[in-house]
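Residues per chain, in single letters:
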Amino acid sequence: MKRSRKFIVVFGCGRIGSAIASVASMKGHNVIVVDKDERSFRRLSSEFSGFTVVGDAAEFETIKKSQVANADIVFALTNDDSTNYFISVCSRYIFGVEKVVARVYDPAKAKIFEESGVEVVCPVTLMVEKLRFYIDGGDKL
Ligand code: AMP
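Residues numbered from 1 in each chain as written. Predicted model: local features only at pLDDT ≥ 70, side-chain atom pairs only at ≥ 80, totals over all residues.

A.B. asks: Would you mind going over the pairing of strand 5 (residues 99-103) with me for this structure?
C.D. replies: Successive residues of a regular strand alternate their side chains across the two faces of the sheet. Two strands pair when backbone bridges link them, and strand 4 (residues 73-76) and strand 5 are joined in this way by four bridges, in the parallel orientation. Bridge pairing links Phe75 to Val101 in strand 5. In this region the chain leaves strand 4, passes through helix 3 (residues 81-94) and returns to the parallel neighbour strand 5; the handedness of that crossover is right-handed. Where strand 5 meets strand 6 (residues 119-121), three bridges bridge the pair, whose relative direction is parallel. Its bridge partner lying in strand 6, Ala102 is registered against Val120. Following the chain from strand 5 across helix 4 (residues 110-115) to the adjacent parallel strand 6, one finds a crossover that is right-handed. (Pairing = 2+ DSSP bridges. Helix = DSSP H or I, 4+ residues; strand = E, 2+ residues; numbered from the N terminus. Right-handed = clockwise from strand over helix to strand, strands pointing away.)

A.B. asks: Please explain the nonpolar core as it appears in this structure.
C.D. replies: The tendency in soluble globular proteins is for nonpolar side chains to be buried as a group. In terms of nonpolar packing, the biggest core is built from 33 residues, with Val9, Val10, Phe11, Ala21 and Val74 touching the most fellow members. Secondary structure elements with two or more residues in this core: strand 1 (7-11), helix 1 (15-26), strand 2 (30-35), strand 4, helix 3 and strand 5. When residues no more than four places from it in sequence are discounted, the contact partners of Val74 are Val9, Val68, Ile87, Ser91, Val97 and Val100. (Core = buried A, V, L, I, M, F, W, Y, C linked by C-beta atoms within 7 Å. Buried ≥ 20, exposed ≤ 12 C-beta atoms within 10 Å, placed from the backbone. Contact = placed C-beta atoms within 7 Å.)

A.B. asks: What is the right way to read the environment of Ser40 from this model?
C.D. replies: Following the sequence through the fold, Ser40 ends up in the loop between strand 2 and strand 3 (51-54). Of the residues examined, Ser40 has 19 C-beta atoms within 10 Å and is grouped as partly exposed. Sequence-wise, Ser40 and Gly17 are 23 residues apart; in three dimensions their C-alpha atoms are separated by 9.7 Å. Setting aside residues up to four positions removed in sequence, Ser40 forms contacts with Cys13, Gly14, Ser18 and Asp35.

A.B. asks: Is there a simple way to think about the sheet that holds strand 1 in this case?
C.D. replies: Pairing between the strands of a sheet is mediated by backbone hydrogen bonds and can be parallel or antiparallel. Taken in spatial order, the six strands line up as 3-2-1-4-5-6 in an open sheet, and their pairing is parallel. Either end of the sheet is taken by a strand with one partner, and the two such strands are strand 3 and strand 6. Each strand axis lies, on average, 15 degrees off the axis of its neighbour in the sheet, ignoring direction. Examined bridge by bridge, strand 2 and strand 3 share four bridges and lie parallel to one another. (Axes fitted to C-alpha atoms, helices over the stretch in contact; angles between N-to-C directions.)

A.B. asks: In this structure, what is going on with unusual backbone geometry? I would like to understand it.
C.D. replies: Backbone geometry follows two general trends: most residues other than glycine have a negative phi, and most peptide bonds adopt the trans configuration. Although it is not a glycine, Gln67 adopts a positive phi angle of roughly 60 degrees. Residue classification places Gln67 among the partly exposed positions, given that 16 C-beta atoms sit within 10 Å.

What follows is the structure, encoded as structure tokens:
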């Protein structure tokens, strides 16, 4: 049976990571959020009740000490595709995390992530999909 309270590790506490970590914490999940810059944690909501880890996610030691081994979900949300790939592959294959979701800037790299068993959110692709709506006359709907 699935636990309703998940253990979630979020790498990157920028505009996206801080929002998703805050939402997950507010929903009652156990959250660890990791960033190389301590000042980034100021973006977390005042109700955030998880843990923060300061460290460079491009280093294996940071991933290990962020308790990825116990995670139900890992979000790789730094602003660097290579770092997100490193986090994702370590989480998936060294620590056996079932659900790994990465932010990928370069749409051309999305396939490499997917072939590694990582779910991808690509802001560029999402935005193009949204903008296509206007070409199809969506503004009149
Ligand atoms: P944003 O683009 O606003 O979503 O911010 C990205 C966040 O990722 C920032 O808070 C960065 O400090 C963080 N970040 C970038 N590279 C790393 C890294 N190697 N390890 C940990 N955090 C990182």
